[in-house]
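Each chain, written out:
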Amino acid sequence: GHPDEAYAHMRLSVHDSAEGFADRPGEVALAWRNLAVVARRTGRLSEARQALDQGLRLSEGVPMTWADRLDLGQTQVMLAHDLGHYAEARDLLDSVLSQTTRPIQRLPLLRMLANAEWGLGHLTETQAAAEAALALAPPERPGWNGLLARQARARALAMAGATP
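Thresholds applied
- Residues numbered from 1 in each chain as written.
- Predicted model: local features only at pLDDT ≥ 70, side-chain atom pairs only at ≥ 80, totals over all residues.
- Heavy atoms only, no water.
- Phe/Tyr/Trp six-rings, centres within 6.5 Å; stacked < 30°, edge-to-face > 60°.
- Lys NZ or Arg CZ within 6 Å of the ring centre and 35° of its normal.
- Core = buried A, V, L, I, M, F, W, Y, C linked by side-chain atoms within 4.5 Å.
- Buried < 20%, exposed > 50% of the residue type's maximum accessible area, 1.4 Å probe, protein only.
- Helix = DSSP H or I, 4+ residues; strand = E, 2+ residues; numbered from the N terminus.
- Contact = heavy atoms within 4.5 Å.
- Salt bridge = Lys/Arg side-chain N within 4 Å of Asp/Glu carboxyl O.

A. Structural detail: the packing of aromatic side chains. Counted by the stated rule, this structure contains zero aromatic pairs. It is Arg44 that lies over the ring of Tyr7; its NZ or CZ is 4.3 Å from the centre. Positioned above the aromatic ring of Trp118 is the side chain of Arg155, whose terminal nitrogen or guanidinium carbon lies 5.1 Å from the ring centre.

Printed below as a string of structure tokens:
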């Protein structure tokens, strides 16, 4: 409800994290990632990209959990997609997908891949990624990612002249 305040507070939080966790660059990298998320949600895409780039630089060569690296990667994908850099988003997703086998982690990544392929105009690849995501979603309760994967599949089929 208060995007400007949220953004200002998150910027202060990054400053505080840099001072308080100077000896733990992974924590500071995550603070920059959090700033990127808030900036993205408040429509500040350029600032979001700059913040995330700073977080990614700090995370290089630093021990971090796989989940934290996944958060950084997913934020990077979302920003690339938001900025219309669909090939970059696809390439990042291919890299992250090659590192995970857990269905709960693959489902949102495949759904995002379908959207990146759609942005590139690759109908066959959009449909394949959406189908792969749908195969991982519980049919009785597909959840947000399953529903969005269905939409991506339907768009690809419609553009190809088929019906879902």
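On we go.
B. Geometry of the nonpolar core. Ranked by internal contacts, the top residues of the largest apolar core, which has 22 residues, are Val77, Leu93, Leu109 and Leu113. Only helix 4 (66-82), helix 5 (86-97), helix 6 (103-120), helix 7 (123-136) and helix 8 (143-160) provide two or more residues apiece to this core. Excluding residues that lie within four positions of it along the chain, Leu113 makes contacts with Arg90, Leu93, Asp94, Leu97 and Ala129. Ranked by size, the runner-up nonpolar core spans 16 residues in total, among them Val14, Leu30, Val38 and Leu56.

C. How the structure looks around the pattern of salt bridges. Counting across every chain of the model gives seven salt bridges. Shared partners join several salt bridges into a network, and the residues in it are Arg49, Asp53 and Glu88.

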